[in-house]
Amino acid sequence: MTAIEPVERPAPAGEPLFDRVAFIGIGLIGSSMARAIAKLGLAREIVCSARSQATCDKALELGLVARASTDAASVVADADLVVLCAPVGAYAAIAPVIGPRLRPGAIVTDVGSVKQAVIRDVAPYLPEGVHLVPGHPVAGTEHSGPEAGFAELFENRWCILTPPPGANEAAVDKVAEMWRRFGSNLEFMEASHHDKVLAITSHLPHLIAYTIVGTATDLEEDTKSEVIKFSAGGFRDFTRIAASDPVMWRDVFLNNREAVLEIIQRFNEDLTALQRAIRWGEGDKLEELFTRTRAIRRGVIDAKQA
Ligand SMILES: NC(=O)c1ccc[n+]([C@@H]2O[C@H](COP(=O)([O-])OP(=O)(O)OC[C@H]3O[C@@H](n4cnc5c(N)ncnc54)[C@H](O)[C@@H]3O)[C@@H](O)[C@H]2O)c1
Ligand SMILES: O=C(O)C(=O)C[C@]1(C(=O)O)C=C[C@@H](O)C=C1
């Protein structure tokens, strides 16, 4: 019979949830979490590791952490919470480095935009007694680096946790409580379901933005026209999304390949149907779709205001 571990109740509001939190990667998301943890007093100490000395220096200069090192193993040693905040493609290299230095009972969580890859690349390197609770704040901006973060980023935004089957309940509770204290709304999902949902709501829109802005700039060069100069509302929104971090998004697409390819296939079919409707002057089809999508936008806004 397997022993049932006691569920630790989260600390009362205002009390630290963790002794030492170690961030591996401290860019937009890591620094926003560090700021929120400091502001809310959720940890006694915050430390970090980043790939370059310049980022470590910046994190120290901004007062985000008490200690920073390019050696990830050295910062996780006494941490009770380790947060992976690097591009998802870096996890496979980070996990074997930190794994042997994690202390028993430590919780490892992350913020990556894809979730099956975390279980694939990180779980095998965690020693017995270390708990994995993958997470994804559905909040961000097009900016990167430790200067770009802000403590309020996660307020009234979703955070999705994807604990693997049999995950330690107390560890899940603690991570969930941290996000609640940040002001996020929590949702629990299976990693594979998360990756399918986010493929349509986040990954495809980014791919479309990268495509449109790429096409427009190529066109501008070809025709010597002023596509960018006169771009108004719609296109400007796409340029914001297409300014998002190239390495982060390369890793998202490479690590959510199946779900993204499936959704691109579906998108191509729908686009072809629209192309056909335009070609054959089927205005009713266009109007019907645009009416439906307008109602969806209103639903999104109403849900946000509720
Ligand atoms: N930007 C967003 O809108 C957003 C939103 C939610 C989740 N995420 C996820 O959060 C994670 C971090 O994104 P971000 O926007 O904070 O990125 P960022 O570029 O601002 O920061 C990335 C950090 O990771 C470090 N890093 C990069 N490569 C590394 C490596 N090989 N080993 C160790 N550290 C490395 C960098 O030094 C930097 O500190 C990503 O996994 C991303 O998918 C991003
Ligand atoms: O607002 C933005 O800039 C974002 O793109 C944020 C966004 C998203 O697609 O919603 C981007 C990637 C993340 O994994 C989560 C949030």
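Just so we're clear, the structure is a prediction, and the values are computed from it rather than from any experiment.

Reading the values: the criteria
Residues numbered from 1 in each chain as written. Chains lettered and ligands numbered in written order. Predicted model: local features only at pLDDT ≥ 70, side-chain atom pairs only at ≥ 80, totals over all residues. Buried ≥ 20, exposed ≤ 12 C-beta atoms within 10 Å, placed from the backbone. Helix = DSSP H or I, 4+ residues; strand = E, 2+ residues; numbered from the N terminus. Pairing = 2+ DSSP bridges. Right-handed = clockwise from strand over helix to strand, strands pointing away. Core = buried A, V, L, I, M, F, W, Y, C linked by C-beta atoms within 7 Å. Contact = placed C-beta atoms within 7 Å. Near = placed C-beta within 6 Å. Nonpolar A, V, L, I, M, F, W, Y, C, P; charged D, E, K, R; others polar. Domains from an automatic or database assignment.

Q: Would you mind going over the pairing of strand β4 (residues 81-84) in detail, with residue names and values included?
A: The two faces of β4 match: Leu-81 and Val-83 on one face and Val-82 and Leu-84 on the other face are all buried. Bridge count between strand β1 (residues 18-24) and β4: four bridges; the pairing is parallel. For Ile-24, the partnering residue across the bridge sits in β4 and is Leu-84. Sheet topology places β4 next to strand β5 (residues 107-110); four bridges connect them, and they run parallel. Bridge pairing in β5 links Val-82 to Val-108. Running through helix α4 (residues 91-98), the crossover from β4 to the neighbouring parallel element β5 is right-handed.

Q: How would you sum up the nonpolar core? Please name residues and give values.
A: Val-21, Ala-22, Ile-24, Cys-48 and Val-82 are the most contacted members of the largest nonpolar core, which has 64 residues in total. Considering every element that reaches this core, the biggest residue donor is helix α1 (residues 28-40), with six residues. Other than its neighbours up to four places away in sequence, Ala-22 contacts Val-47, Cys-48, Val-75, Val-76, Ala-79 and Val-82.

Q: How would you summarise the site of ligand 1 if you had to cite specific residues and measurements?
A: Around ligand 1, a shell composed of 29 residues is seen, among which Gly-25, Gly-27, Ala-90, Gly-140 and Ser-144 lie nearest. Within the shell around ligand 1, the residues separate by chemical class into 16 nonpolar, 11 polar and two charged. Two domains each donate at least three residues to the shell around ligand 1, and these are domain 1 (18-190) and domain 2 (193-305).

By themselves, these are just geometric observations and shouldn't be taken as functional.
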